[in-house]
Amino acid sequence: MTQSETVTEAADPTVDGSPAPTVELPLAGIVVADFSRVLAGPLATMTLADLGARVIKVERPGAGDDTRSWGPPFTEHASTYFASANRSKESVALDLRDPDDLATARRLAERADVVIENFKPGTMTRLGLSYEDLAPASPGLVYCSISGFGSAEGAGLLGYDFIVQAVGGLMSITGHPGGEPTKAGVALVDVLTGKDAVIGILAALTARTRTGRGDRLEVTLLTSLLGALANQAQAQLATGIEPVPTGNRHPSIAPYETLRCADGLLAVACGNDEQFRRLTSALGLSALPDDPRFVTNPARVTNRLELVDRLESVLITAPAAYWADVLNNAQVPAGQVKTIGGGIALAESLGLAPTVDLGGGHARQVRHPIKWAAYGIATPTPPPELGTHTDDVRAWLGADRPTPTAPTTTTDQR
């Protein structure tokens, strides 16, 4: 299968057991010009590729996306960081300082349905690749700019996930009470921003089918983070009181935390009084729900330390895996704290098929998280070698070039 093919087998065979017919994926025919690098933008465009779009990634000759060199770990093919966000794409190496290469980039952007970029604000304007430059020839273009802090007063600030976790407040509520502010264990802000970008792009493509017009979208790491702070941000806005780190404990629910067992930690989440009653019954502590200190959730939050002591006095008598089985059988949300490998193994044991095989000696990858009843799962291709599709894309752009029009429906522009 080539990088641009977007056909997959349907999820289930036909009734008589014969192979299911092939169907086009949801974004088949959509062309994405990807001028992004690192994580937020590449993760967004990989998601679009997983949904069937043809994604053409523009990279610097000789160096490529910064994450190609971010390691260890590396495999024989690429850094694992680069591989995590760049499957099912084509790579073209273009030096945007070179007039000929810049002209090629312009042709690509004009032919695309979607342009996504995360250069420092103002860069695409200087290159003549801004939305305002492209829209007259491509009025149906959906153009998404990703930055750390926006194109106004924050335009001069460099946006990296770690910095935004710090200045946006996430680190202030992460970690243990009294400890240093702590970043999340993954570049969570980049991931959230990439997902927000996809949401905006899909909405704009849907609107385009009605209006024939594209749009310019701006997504920032800071606003994506603030939008994801949910109840914590709302608590600050409503009360003026800054939330503080609570370790593994929920600030507004109890018990909703990790509890000590004989050999490690067990996560327990009681979201209502009935779940609390089932928890205490399973632990042989049936009197606790009628204790005035624990009869309601606000009371349990106020008296959390006493509650945890009572619960752990029983949990400490057996391993976490044992208690996880006991509580899940009692319909109490609970789970043993696992490693990433343990999480993948759990998903496999539940029949969720969490990974995909890229073939060619490439490491397996975590698959696109959505399964479609009608479309099945896309067959991915490995992350591209730098510039490996440059000649093919140049030829495609140079031949059979249509006069750009505002599309009123999604059409195959491959």
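Refer to the structure printed above.
Parameters at a glance
Residues numbered from 1 in each chain as written. Predicted model: local features only at pLDDT ≥ 70, side-chain atom pairs only at ≥ 80, totals over all residues. Heavy atoms only, no water. Helix = DSSP H or I, 4+ residues; strand = E, 2+ residues; numbered from the N terminus. Buried < 20%, exposed > 50% of the residue type's maximum accessible area, 1.4 Å probe, protein only. Core = buried A, V, L, I, M, F, W, Y, C linked by side-chain atoms within 4.5 Å. Contact = heavy atoms within 4.5 Å. Axes fitted to C-alpha atoms, helices over the stretch in contact; angles between N-to-C directions. Parallel < 35°, antiparallel > 145°, perpendicular 65-115°, else oblique. Left-handed = near helix turned anticlockwise from the far one by under 90°. Nonpolar A, V, L, I, M, F, W, Y, C, P; charged D, E, K, R; others polar. Pairing = 2+ DSSP bridges. Arc of directions from axis to C-beta. 1 Å grid on protein atoms, 1.4 Å probe; cavity = no way out; pocket = protein on both sides within 12 Å on 5 of 7 lines; lining within 4 Å. Points joined across faces, edges and corners; volume = space filled by probe spheres on them. Polar contact = N/O pair within 3.5 Å; in protein donor to acceptor, adjacent residues only side chain to side chain.

> Just checking my understanding: could you explain the environment of Leu39 for this structure?
Looking at the secondary structure, you find Leu39 in the loop between β3 (31–35) and α1 (40–50). Each C-alpha atom, one on Leu39 and one on Asp161, is 9.1 Å from the other, the two residues being 122 residues apart in sequence.

> When you look at unusual backbone geometry in this model, what are you seeing that I'm missing?
Excluding glycine, residues mostly carry a negative phi; peptide bonds, for their part, are mostly trans. Between Pro72 and the following residue, Pro73, the backbone shows a cis peptide bond with an omega angle of 5°. Checked against the element boundaries, Pro73 lands in the loop between β4 (54–59) and α2 (80–83). At Val38, a position not held by glycine, the phi torsion is positive, near 75°. For Val38, a relative accessible area of 15% translates into the label buried. Positive phi is not limited to glycine here, since Ser88 has a value of about 60°. As for its position among the elements, Ser88 is in the loop between α2 and β5 (89–93).

> Please clarify how the nonpolar core should be interpreted in this entry.
Across soluble globular proteins, nonpolar side chains have a tendency to be buried as a group. In terms of nonpolar packing, the biggest core is built from 30 residues, with Val32, Cys144, Ile146 and Ile201 touching the most fellow members. Elements with a minimum of two residues in this core: α1, β6 (114–117), β7 (142–147), α7 (188–211), β8 (215–220) and α8 (221–228). The greatest single-element share of this core, amounting to six residues, is contributed by α7. In this view, Val32 contacts Thr45, Leu48, Ala53, Arg54, Val55, Ile56, Val114 and Ile116; residues no more than four positions away in its chain are not counted.

> What is the right way to look at the packing of α1 against α7 in this model?
Each packed pair of helices is defined by two parameters, the angle between the axes and the distance between the axes. Viewed as axis vectors pointing N to C, α1 and α7 meet at an angle of 45°, and their least axial separation amounts to 8 Å. Classified by the angle their axes make, α1 and α7 are oblique. The way α1 lies across α7 gives a crossing that is right-handed. Note on element contacts: α7 touches α1 through Asp190, Val191, Thr193, Gly194, Ala197, Val198, Ile201 and Leu202, opposite Ala40, Leu43, Ala44, Thr47 and Leu48. Its residues placed into classes, the contact of α1 with α7 shows nine nonpolar, three polar and one charged.

> Hey, could you run me through the sheet that holds β5 in this one?
Hydrogen bonding along the main chain pairs the strands of a sheet, whether they run parallel or antiparallel. Across the sheet, which stays open at both edges, the six strands sit in the order β5-β4-β3-β6-β7-β8 with parallel pairing between neighbours. Looking at the sheet topology across the chains shown, the edges are occupied by β5 and β8. With direction set aside, neighbouring strand axes in the sheet form an average angle of 20°. For β3 and β4, the ladder comprises four bridges, and the chain directions are parallel. Bridging from a neighbouring strand, Asp34 pairs with Lys57 of β4.

> Looking at this model, I keep getting lost on the sheet that holds strand β10 (residues 265–269). Mind explaining?
Reading across from one edge, β9-β10-β11 is the order of the three strands in this open sheet, with antiparallel pairing throughout. Each having just a single partner strand, β9 (256–260) and β11 (334–336) make up the two edges of the open sheet. Going across the sheet, the axis of each strand differs from the next one's by a mean of 25°, ignoring polarity. Where β10 and β11 come together, three bridges link them in antiparallel fashion. In the sheet register, Leu266 faces β11, and the bridge partner there is Gln336. Strand contacts of helix α12 (residues 304–315): β9 and β10, with the helix running at about 45° to β9, the strand carrying the most contacts.

> What should I look at first to understand helix α15 (residues 390–398) in this one?
For α15, the set of buried residues is Thr390, Val393, Trp396 and Leu397. For α15, the arc enclosing every buried residue in end-on projection is 130°, short of the 170-degree limit, so these residues lie on one face. In α15, the exposed residues that point more than 90 degrees away from the buried face are Asp391, Asp392 and Gly398. As for α15, its buried residues are in contact with β3, β4, β5 and α3 (99–111).

> Honestly, the layout of surface pockets in this entry has me stumped. Any pointers?
Taking a probe equal in size to a water molecule and rolling it over the atoms shows the remaining empty space. Estimated volume of the largest pocket: approximately 1,300 Å³. Lining the largest pocket are 43 residues, and of these Leu43, Met46, Ser84, Val366 and Arg367 lie nearest its centre. Residue assignment for the lining of the largest pocket shows that the elements contributing at least two residues are α1, α2, α7, α14 (340–349) and β13 (365–366). For the lining of the largest pocket, the leading source of residues is α7, giving seven residues. Within the lining of the largest pocket, the residues separate by chemical class into 24 nonpolar, 13 polar and six charged.

> Can you help me understand the side chain of Asp50 in this one?
Take Asp50: it is sitting in helix α1. Of the residues examined, Asp50 reaches a relative accessible area of 9% and is grouped as buried. Here Arg87 takes part through its side chain, which lies 2.9 Å from a polar atom of the side chain of Asp50. When neighbours within four sequence positions are excluded, Asp50 is seen to be in contact with Leu25, Arg87, His368 and Ala378.

> In this structure, what is going on with the environment of Ser349? I would like to understand it.
If you trace the backbone, Ser349 turns up in helix α14. Under the relative-accessibility criterion, Ser349 is labelled exposed at 56%. Along the primary structure Ser349 and Leu102 are separated by 247 residues, whereas in three dimensions their C-alpha atoms are 50 Å apart. Reaching out from Ser349, the side chain makes a polar contact with the backbone oxygen of Leu346 at a distance of 2.7 Å.

Remember, this is a structural readout, not a statement about activity or role.
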